[in-house]
Structures are given as C-alpha cells and as structure tokens.
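Given next are the chains, with one letter for each unit.
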Amino acid sequence: NDYAIRVRKLGKHRAAGIFFPMMNCMCVDIHSPGTFVHEFYHLLDDKLGNVSSQYEFFEICQKYKGLR
C-alpha cells in the first residue's frame, strides 16, 4: 500500500494532525510540525496490522502511562 503524507492547514478539523486509515493518508497541520511523529505512529501501527490493539501491547501501554 502507498501512503500519502500531507502538510497543510487543518483549521476546519480542529486538530494538529489526522490519520485516515481508509484513505492511507496522514495530514499534519503546517503550524504543528511536532505532530508528525504522533501521526506517523498511527500510520505505522495501521501498516503493521494495528499492533497497539493486540494484547501484548497492553503492558507496554500501561508502563508508558506510568500505571505499572
């Protein structure tokens, strides 16, 4: 699958970045370039088969949140 990465104004979406999995498209607001890494993770997660929704990822997520 090919993915599109776009940098543009996202004013009407009220978001600094958006990932559209059905369209294989990641958009980052031109005024929030730091959002790129966050949205790129969503793109990678989708490409790798939604790793973040698998049981094995739960413990990693809990450690990241400081809950374990």
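Just above sits the structure.
Residues numbered from 1 in each chain as written. Predicted model: local features only at pLDDT ≥ 70, side-chain atom pairs only at ≥ 80, totals over all residues. Heavy atoms only, no water.

Caption draft 1: Here's a closer look at a nonpolar patch on the surface. On the surface, a nonpolar cluster with roughly 270 Å² of combined accessible area is contributed by I5, F36 and V37. Within the secondary structure, V37 is located in helix α1 (residues 35-47). On the accessibility criterion, V37 (62% relative accessible area) is exposed. (Patch = residues over 30% accessible without salt bridge, like charges linked within 9 Å, V, L, I, M, F, W, Y side chains within 5 Å. Areas by Shrake-Rupley, 256 points an atom, 1.4 Å probe, with all protein chains shown as cover. Salt bridge = Lys/Arg side-chain N within 4 Å of Asp/Glu carboxyl O. Helix = DSSP H or I, 4+ residues; strand = E, 2+ residues; numbered from the N terminus. Buried < 20%, exposed > 50% of the residue type's maximum accessible area, 1.4 Å probe, protein only.)

Caption draft 2: How the structure looks around the sheet that holds strand β3 (residues 25-29). The strand order across the open sheet built from three strands is β1-β3-β2, with neighbouring strands paired in mixed fashion. Each having just a single partner strand, β1 (4-8) and β2 (17-20) make up the two edges of the open sheet. Across this sheet, the average inter-strand angle for adjacent strands is 15°, counted without regard to direction. Looking at chain direction, β1 and β3 are connected through five bridges and run parallel. (Pairing = 2+ DSSP bridges. Axes fitted to C-alpha atoms, helices over the stretch in contact; angles between N-to-C directions.)

Caption draft 3: Expanded view of the pairing of β3. With five of five residues buried, β3 is to be regarded as a mostly interior element. In this sheet, β3 lies alongside β2 in antiparallel orientation, the contact comprising four bridges. Within β3, the position partnered with I18 by the bridge is C27. The turn joining β2 and β3, which pair antiparallel and follow one another in sequence, is formed by four residues; a positive phi near 50° is taken by N24.

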